[in-house]
Amino acid sequence: MMPKNTNENSLLANAQASFDKAARMLNLDPNIYAILRSNERALTVSLPVEMDDGHVEVFTGYRAQHTTARGPGKGGIRYHLAVTQEEVTALAQLMTWKCSLVNVPFSGAKGGVSVDPRKLSENELRRLTRRYTYAISPIIGPNTDIPAPDMNTDEKTMTWITDTYSMIKGESSGEIVTGKPVSLGGSVGRVNATGLGVAIAAKQALLRNDYDLDNCTAVVQGFGNVGTWSARHIADRGLKIIAVSDISGGYYNPKGLNIEKMIAYVKQSESRALEGYSASGVDSISNDDLLCLPCDVLVPAAMENQIHLDNANEIQAKFVVEGANGPTTPGADAILNERGVIVVPDILANAGGVVVSYFEWVQGREGFYWTADEVKDRLHRFMEVAFNDMYDFSLKRRVSLRDSAMMLAVQRVAEAIALRGVFP
Ligand code: NAD
């Protein structure tokens, strides 16, 4: 069931509306509001790429930096046909709030290329990535703006960016990106960081509301990076995972699913999906029905706009922990809030990845690398402090966790701007 109200689905309009709301609730200084309402810098680049058959294709790439008030820009690079300046602008703003909320010294940025990467060979993708890196190199840097993987980009893309940027600068510049392979200065614990962060957030939400973790159930929508690692780490904390889904549909067992077996099944399957998975006691269920199952914790970890005006009243979970970015539309969020469903917002729940990206950047700058346990312990500390700051602020101001998260995030950035003053 797709949402009917399409006005609800503009990423930029939603991002600006949630900033406006936080600004109103904080009674934000109008000068600071005006600064934060606009983007600091945006670059659009034209990218001629020689294709394998010798003809030249010209792609369009973007990099947007929302603010640099709390430190260098930080944000992913996505390869997708739907990438536009408007999209990266909205996503850069969201990165500002996410970095501020988990208190890492970065500001928000985002970039991408409008391309269908499935249609390019590996050599074409490498040439595109190198040209894009060259084109945005005047505005990125280890102290100015540090890209990372996002939709359809990965460790390999980050390796090409690192190499290209290092060639341009004539020096080894590993800290130009995060999300590198460990053998090239990446951090251990990066691959599961977002899912672990989701599990830490879910646990904190349950504990703060006096739930006994061993008697709780969870449902996870999406079985990719965030979904699998969330399910695994949530199960490790004692909850029973009763349903999961991916693009092939949902799988439900009220007695609990064997997540490790399901992950192993996906790994060996040709489609890299749960399609065809069967086990004793497991029933098929549609993605729409899965979202409405009775459970304690629902983790939407697939894509945006999954909980919308048409299904918000049917959600039976007591907590929604947003693994994906923007899985709940603003209208649905208001309904959940009204119904007493506690929503742990995306900018907190899925911030584990950006926290470990920060760790990777720190380790690269120090040239000294941490153990897996050190990364895990520090991630726990960052996520728990951020969760409790958000939770306490929401109690103090009698607002939802989403409003609290945005208010705290905006307040910190506003404070930085007020301290720095307006240049010149
Ligand atoms: P992914 O591509 O690894 O996994 C996506 C999963 O969703 C797949 O299992 C896919 O089959 C499933 N899916 C797609 N459409 C579906 C549908 N209609 N119903 C049910 N399942 C569906 O992506 P990911 O990296 O896990 O990212 C998922 C979400 O989390 C995105 O919104 C992303 O922006 C967000 N996110 C990811 C990270 C990260 O570190 N990977 C960090 C922060 C936020």
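Conventions we followed
Residues numbered from 1 in each chain as written. Predicted model: local features only at pLDDT ≥ 70, side-chain atom pairs only at ≥ 80, totals over all residues. Heavy atoms only, no water. Helix = DSSP H or I, 4+ residues; strand = E, 2+ residues; numbered from the N terminus. Buried < 20%, exposed > 50% of the residue type's maximum accessible area, 1.4 Å probe, protein only. Contact = heavy atoms within 4.5 Å. Areas by Shrake-Rupley, 256 points an atom, 1.4 Å probe, with all protein chains shown as cover. Axes fitted to C-alpha atoms, helices over the stretch in contact; angles between N-to-C directions. Parallel < 35°, antiparallel > 145°, perpendicular 65-115°, else oblique. Left-handed = near helix turned anticlockwise from the far one by under 90°. Nonpolar A, V, L, I, M, F, W, Y, C, P; charged D, E, K, R; others polar. pLDDT = per-residue confidence, 0-100. 1 Å grid on protein atoms, 1.4 Å probe; cavity = no way out; pocket = protein on both sides within 12 Å on 5 of 7 lines; lining within 4 Å. Points joined across faces, edges and corners; volume = space filled by probe spheres on them. Near = heavy atom within 4 Å. Polar contact = N/O pair within 3.5 Å; in protein donor to acceptor, adjacent residues only side chain to side chain. Phe/Tyr/Trp six-rings, centres within 6.5 Å; stacked < 30°, edge-to-face > 60°. Lys NZ or Arg CZ within 6 Å of the ring centre and 35° of its normal.

Peer 1: Please set out the overall build of the protein chain residue by residue, giving values where relevant.
Peer 2: Counting its regular elements, the protein chain contains 14 helices and 12 strands. Structurally, the protein chain occupies a C-alpha span of about 60 × 55 × 45 Å along its principal axes. Residues classed as buried in the protein chain amount to 57% of the 424 residues present. When contacts within the protein chain are restricted to residue pairs at least 6 apart in sequence, long-range pairs at least 24 apart make up 69% of them. In the form shown here, the protein chain has an accessible surface area of approximately 18,300 Å², with 50% of it arising from carbon and sulfur atoms.

Peer 1: Can you lay out the packing of helix 7 (residues 225–236) against helix 8 (residues 259–268) for me, pointing to particular residues and giving the numbers?
Peer 2: With their axes 10 Å apart at the nearest point, helix 7 and helix 8 run at an angle of 155° to one another. Viewed along their axes, helix 7 and helix 8 adopt a mutual orientation that is roughly antiparallel. The handedness of the crossing between helix 7 and helix 8 is left-handed. Seen from helix 7, the contacting residues are Thr228, Ala231 and Arg232; seen from helix 8, they are Ile259, Glu260 and Ile263. A class-by-class count of the residues in the contact of helix 7 with helix 8 yields three nonpolar, one polar and two charged.

Peer 1: Give a description of the confidence of the model for the protein chain that names residues and reports values.
Peer 2: Here the protein chain shows a mean pLDDT of 96. Residues at 70 or above account for 98%. Segment residues 1–6 is flagged for pLDDT under 50; beyond a separation of four residues in sequence, or across chains, it makes 12 contacts in the model.

Peer 1: So what's going on with the layout of surface pockets? Which residues, and what values?
Peer 2: Roughly 330 Å³ of internal volume is contained in the second largest pocket. Around the second largest pocket sit 14 residues that line it, and Ile35, Glu40, Ile417, Gly421 and Phe423 are the ones nearest its centre. Elements represented by at least two residues in the lining of the second largest pocket include exactly helix 2 (30–37) and helix 14 (401–420).

Peer 1: Tell me about the site of the ligand, residues and numbers included.
Peer 2: Close contacts around the ligand come from 18 residues, with Thr194, Phe223, Asn225, Val226 and Ile247 the closest. Taking Asn287, its side chain carries an N or O atom lying 3.0 Å from a nitrogen atom of the ligand. Isolated, the ligand exposes 830 Å² of accessible area, and the fraction of that covered by the protein chains is 70%. Of the residues that constitute the shell around the ligand, the class distribution is seven nonpolar, 10 polar and one charged.

Peer 1: Residues and numbers for the packing of aromatic side chains, please.
Peer 2: The description of two aromatic rings rests on the distance between their centres and on the angle between their planes. Enumeration over the complete set of coordinates arrives at 13 aromatic pairs. Measuring from ring centre to ring centre gives 5.4 Å for Tyr265 and Tyr277, while their planes differ by 80°; the resulting arrangement is edge-to-face. Taken together, the positions of Tyr265 in helix 8 and Tyr277 in the loop between helix 8 and strand 9 (283–285) put the pair 12 residues apart, joining distant regions of the chain. Pairing Tyr358 with Phe359 gives two aromatic rings, centres 6.1 Å apart and planes at 45°, and the pair type is tilted. Taken individually, Tyr358 and Phe359 each receive the classification buried, so the pair is uniform in this respect. Taken together, Phe106, Tyr358, Phe359, Trp361, Trp370 and Phe382 form an aromatic cluster joined through their ring pairs. For the cation-ring pair, Lys74 lies above Phe106, with the distance from its terminal atom to the ring centre recorded as 6.0 Å. Over the ring of Trp370 we find Arg378; its NZ or CZ atom is 4.2 Å from the centre of that ring.

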